[in-house]
Amino acid sequence: MPSSSSKAESDPYKLVHDEMAVLCSNIRNELGTNQGDLGTITHYYFDGTGKAFRPLVVLLMAKACNIHQRAEDFLAESQKKIAMITEMLHTATLIHDDVIDASDTRRGKESINYVWGQRKAILAGDYILSIVSSVLARIGNTEVVSIMSQVVEDLVRGEFMQLGSKEDKNERFAHYLNKTFKKTASMLAASCKSVAVLGQCSEEVSNTVYQYGRNLGIAFQLMDDLLDFISSDLQLGKPTAADLKLGLATAPVLFASQQSEGIEQTRLLATEHTKEAIRHLRKLTTSVPQEALISLTLKLLQRQK
Amino acid sequence: MNKSAIKLEVARFSTREQPIIEDAEKKEMMSDGKHSLQTRGLIVLLISKAAGTAPGMDVMEKDLVSGILPSQRSLAEITEIIHTANLIHKGVVNISDLTPKDGLLGDMEFGNKMAVLSGDFLLASACTGLAELENTQVVEIISGAIGNLMEAEFTGFTDKHGNATLPSDVTFSDWLKQTYLSSGSLLAKSCQSAMKLASHSSDVQQQAYKYGLNTAYVQQLSNELKSFGKGSHINIHVSAAPVIMLQERNPMLVREFLSDGVVNQKKLVTAVQGSGILEECWKLCEDFTFEDEGAVAPDRCPPRISEGVNKGESPDQHSVSEHFTNFCCVVSGGEGIGVLRRTSNLGFIMAKQPASHVNRGLMQRKISVSETRAQSRTANPHCIGGRR
């Protein structure tokens, strides 16, 4: 646990409050004010009500990396762009996922496909992706473009994997974890690595933070699936056990099929991944943003919604 | 869920294992029989070959295959992938608007799912492919073109299902803008990027951009004009340029033909044919074609000698037109593999002549429309710059 003295200072949101406050308006600026539905649809989810978990992690990681590398507490413009990109890419994925899963609600409101139809939802998602790609290119770093492009590919491959499962019980779990990496962890890992690269960190450091992001992402998804399994519609803002209805196997379901304590097993696995994430994070110079990331990682396990 | 069906889908769209375009001169140009010729990729390859690499660019001779850089080849592939992804995503249907005659709801939902995933898969390949070019400016330019393709679907030229509509206040300049968004931007920016990859000056890049844009205009316009040809059985598109021009001149008349959302095809065609607009449009095609004459200046091109044509001499008129006819067959998707074998000759012509000559080939379609009509009816409507 973080030391009590730094607890007040290491409130994750407060540390990057200024950047988080302008995140959505910056995203809307990038998307532009297109005439007609395109503007309305692409701005729809960037209303400031989302958790913005990914940008939060990315911004804190950028600060932690900068302190580690040159003992300076600051954020580079390029690093802020990466935070923005993660939220945009995540949202574009959600828009497409909702069409695939036929979801009518998202973040407590009607989903884009429900309001404007599937066709426009898909094209608007593609538009956001094209803006993501432009913003990324304008950073002007070929390595970062390459790291982040891999995320797009992983997201799609993860989506394909979600449609299939394995016959063999053991294989099935490996399949689930692999899918989890591609759908969630890849983005966190790659965006953490990108801000390290942009902060001129060594390869060793960028690989360390990549491992942090990877483990955090897997723990995050495990907890997400767990909550989806146990909580009600109202609490989570999305249909209960929607994945289960669609016949998709998530960790709690898979564990439950093997033994009676699926929920506890899932929590245990998530705990292992958070421990591993923190172990990697501790390799960086101790700093307030680093402590904030640690407490944020631990809080993941207490998530109620 | 059927696993093998998904596997099949992945295999079909996987560009890693099966490059969509490996070489313009090989039959691999075509991924799926003779009805899906990849015009955009071909044009990118041809303009790359025509321009060669910039003087002073450090290129190993072994890296150049048929005068084209590996990065330009990848770019041609990416351009095709983006276009295909867009066609697939535009095919997504709105489930709530379906009627029982559209088929089983479950089938349509599954079809949508596959369309979303396979389109996403292609776009992701385009993203990683672009990243591998290691040129962030090219990534930015091409990303802009992807954005334009999406904007084209929100302009009011199409309804929420993607069907063409004709807003009453639309003008020919709106048509130009729409054509830019739906096809011109991608072709123009791909041609521009091909020049950038070969380290050409911004001047040459701009000319290539204009060439790509004008080619897209000619493709779209000549394609639309075909449906107004004598004895044509192709359905008229309500947002086709001749209809827009007619509406600008005689709004009442056009509204009459479009009453209650049903298009009176026969009357519309007759009115357009009698208005002189078709002739004007063919003249426009010509203007677009020659506007960028010398766009990629011949003196920048590395001299390449082909059999049958003497060094220093222009190919005679007959052989030129023959080659161009071949090219226009290639773009119209009418003849298939046989024609493609001859593109190596075309490559030479392209290298020796301003790239804009390609458009002259397109112009010749005008002459042979009636002869090839039977072919165009069976050809894939998507293969030539169509925005449907």
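How each quantity is defined
Residues numbered from 1 in each chain as written. Chains lettered and ligands numbered in written order. Predicted model: local features only at pLDDT ≥ 70, side-chain atom pairs only at ≥ 80, totals over all residues. Heavy atoms only, no water. UniProt positions renumbered as here; feature names shortened; annotations may be inferred. Helix = DSSP H or I, 4+ residues; strand = E, 2+ residues; numbered from the N terminus. Buried < 20%, exposed > 50% of the residue type's maximum accessible area, 1.4 Å probe, protein only. Contact = heavy atoms within 4.5 Å. Areas by Shrake-Rupley, 256 points an atom, 1.4 Å probe, with all protein chains shown as cover. 1 Å grid on protein atoms, 1.4 Å probe; cavity = no way out; pocket = protein on both sides within 12 Å on 5 of 7 lines; lining within 4 Å. Points joined across faces, edges and corners; volume = space filled by probe spheres on them. Nonpolar A, V, L, I, M, F, W, Y, C, P; charged D, E, K, R; others polar. Buried area = accessible area lost by both parts, 1.4 Å probe. Salt bridge = Lys/Arg side-chain N within 4 Å of Asp/Glu carboxyl O. Core = buried A, V, L, I, M, F, W, Y, C linked by side-chain atoms within 4.5 Å. Expected span 1.5 Å × (residues − 1). Phe/Tyr/Trp six-rings, centres within 6.5 Å; stacked < 30°, edge-to-face > 60°. pLDDT = per-residue confidence, 0-100. Axes fitted to C-alpha atoms, helices over the stretch in contact; angles between N-to-C directions. Parallel < 35°, antiparallel > 145°, perpendicular 65-115°, else oblique. Left-handed = near helix turned anticlockwise from the far one by under 90°.

Chain B goes by Decaprenyl-diphosphate synthase subunit 2 in an unreviewed UniProt entry, where it is assigned to Pomacea canaliculata. As stated in UniProt under Sequence similarities (unreviewed entry), the record for chain B gives "Belongs to the FPP/GGPP synthase family."

One UniProt comment on chain A, placed under Cofactor (unreviewed entry), says "Mg(2+)". According to UniProt, the comment filed for chain A under the heading Sequence similarities (unreviewed entry) is "Belongs to the FPP/GGPP synthase family."

A. Expanded view of the overall build of chain A. Within chain A, the secondary structure is distributed over 15 helices and two strands. Scored against the burial criterion, the 305 residues of chain A give a buried share of 60%. Considering only contacts in chain A between residues 6 or more positions apart, those separated by 24 or more positions represent 73%. Counting every atom, chain A has about 12,300 Å² of accessible surface; 49% of that belongs to carbon and sulfur.

B. Here's a closer look at the overall build of chain B. Tallying secondary structure elements over chain B gives 16 helices and zero strands in all. Across chain B, contacts joining residues at least 24 apart in sequence account for 76% of those joining residues at least 6 apart. Taken as a whole, chain B presents about 16,600 Å² of accessible surface, with 51% of it coming from carbon and sulfur.

C. Focus on empty space enclosed by the protein. According to the stated counting rule, one finds seven cavities of 30 Å³ or more in the structure shown. When its volume is computed, the largest cavity comes out at roughly 200 Å³. In terms of lining, the largest cavity is formed by 15 residues, of which the most central are Ala92, Thr93, His96 and Val156 of chain A together with Asp120 of chain B. Those elements giving two or more residues to the lining of the largest cavity turn out to be helix H5 (77-100), helix H7 (118-139) and helix H8 (142-163) of chain A together with helix H4 (105-132) of chain B. Broken down by element, the residue count for the lining of the largest cavity peaks at six residues, all from H5 of chain A. Of the residues belonging to the lining of the largest cavity, the class tally is eight nonpolar, three polar and four charged. Empty space within the second largest cavity amounts to approximately 100 Å³. If you trace the second largest cavity, you find 14 residues lining it, with Ser133, Leu136, Ser149 and Val152 of chain A together with Cys127 of chain B closest to the centre. Where the lining of the second largest cavity is concerned, the elements lending two or more residues are H5, H7 and H8 of chain A together with H4 of chain B. Taken together, the residues that form the lining of the second largest cavity break down as 12 nonpolar, two polar and no charged.

D. Structural view of the interface of chain B and chain A. Contacts between the two partners involve 41 residues from chain B, matched on the other side by 39 residues from chain A. Both faces considered, chain B and chain A share a buried interface measuring about 3,700 Å² in area, 71% of it formed by carbon and sulfur atoms. Three residues, Leu117, Thr136 and Phe154 of chain B, lead the burial of chain B against chain A; their summed loss comes to 19% of the area buried on that side. One can count two salt bridges joining chain B with chain A.

E. Examining the nonpolar core more closely. Counting 127 residues, the largest nonpolar core has Val57, Met61, Ile82, Met88 and Tyr212 of chain A as the members making the most contacts within it. Ranked by residues supplied to this core, first place goes to H7 of chain A with 13 residues. With sequence-adjacent residues up to four places away left out, Val57 of chain A is seen in contact with Leu188, Cys192, Tyr212, Leu216, Leu293 and Leu296 of chain A. Counting residues in hydrophobic clusters, the runner-up holds 38 residues, among them Tyr209, Val238, Val269 and Ile277 of chain B.

F. Focus on H4 of chain B. Taking 1.5 Å per residue, 28 residues should reach 40 Å; H4 of chain B reaches 41 Å between its end C-alpha atoms and fits that length. Of the residues trailing H4 of chain B, Glu134 of chain B is marked for its positive phi of about 55 degrees.

G. A look at the packing of aromatic side chains. Residues and elements named next belong to chain A. Scanning the model with the defined rule gives eight aromatic pairs over all chains in all. Ring plane angle 10 degrees and centroid distance 4.5 Å describe the contact between Phe53 and Phe220, whose orientation is recorded as stacked. Note that Phe53 is positioned in helix H4 (residues 53-70) and Phe220 in helix H10 (residues 203-230), a separation of 167 residues in sequence. Summarising the burial analysis for this pair, Phe53 and Phe220 share the class buried.

H. Representation of helix H2 (residues 39-51) of chain B within the structure. All names here are of chain B. For H2, spanning 13 residues, the distance from its first C-alpha to its last is 18 Å, which sits close to the expected 18 Å at 1.5 Å a residue. The buried count for H2 comes to 13 of 13 residues, which makes it a mostly enclosed element. A positive phi of about 65 degrees marks Gly52, the residue just after H2.

I. Quick peek at the confidence of the model for chain A. In the predicted model, chain A carries a mean pLDDT of 88, and the fraction of residues at 70 or more is 86%. Every residue in residues 1-6 of chain A scores below 50 in pLDDT, and together they form six contacts with partners more than four places removed in sequence or on other chains.

J. Quick peek at unusual backbone geometry. Here Ala52 of chain A, not a glycine, exhibits a phi torsion of approximately 50 degrees, which is positive. Of note, Ala52 of chain A is situated in the loop between helix H3 (37-43) and H4. Overall, the relative accessible area of 12% leaves Ala52 of chain A in the buried class. Of note, Glu134 of chain B is a non-glycine position whose phi angle comes to about 55 degrees, a positive value. Looking at the secondary structure, you find Glu134 of chain B in the loop between H4 and helix H5 (136-151).

K. A look at the environment of Ile88 of chain B. Considering the arrangement of structural elements, one finds Ile88 of chain B in helix H3 (residues 70-90). Residues Ile88 of chain B and Ala115 of chain B, 27 residues apart in the sequence, show an inter-C-alpha distance of 5.8 Å.

L. Geometry of the pattern of salt bridges. Residues and elements named next belong to chain A. The final tally for this structure, using the stated rule, is 19 salt bridges over all chains. Between Glu30 and Arg138 there is a salt bridge, with the nearest N and O atoms lying 3.7 Å from each other. Here Glu30, found in helix H2 (residues 17-31), pairs with Arg138, found in helix H7; they are 108 residues apart in sequence, far enough to count as distant. Note that Arg267 and Glu264 form a salt bridge whose closest N and O atoms lie 3.9 Å from each other.

M. Highlighting the packing of H8 of chain A against H4 of chain B. Axis separation between H8 of chain A and H4 of chain B bottoms out at 9 Å; the angle between their running directions is 160 degrees. Classified by the interaxial angle, the pair formed by H8 of chain A and H4 of chain B is roughly antiparallel. Crossing geometry of H8 of chain A relative to H4 of chain B is assigned as left-handed. Along the contact surface, H8 of chain A presents Val145, Ser146, Ser149, Gln150, Val152, Glu153, Val156, Arg157, Glu159, Phe160 and Leu163 of chain A, while H4 of chain B presents Lys113, Met114, Leu117, Ser118, Asp120, Phe121, Ala124, Cys127, Thr128 and Ala131 of chain B. Residue classes in the contact of H8 of chain A with H4 of chain B are distributed as 11 nonpolar, five polar and five charged.

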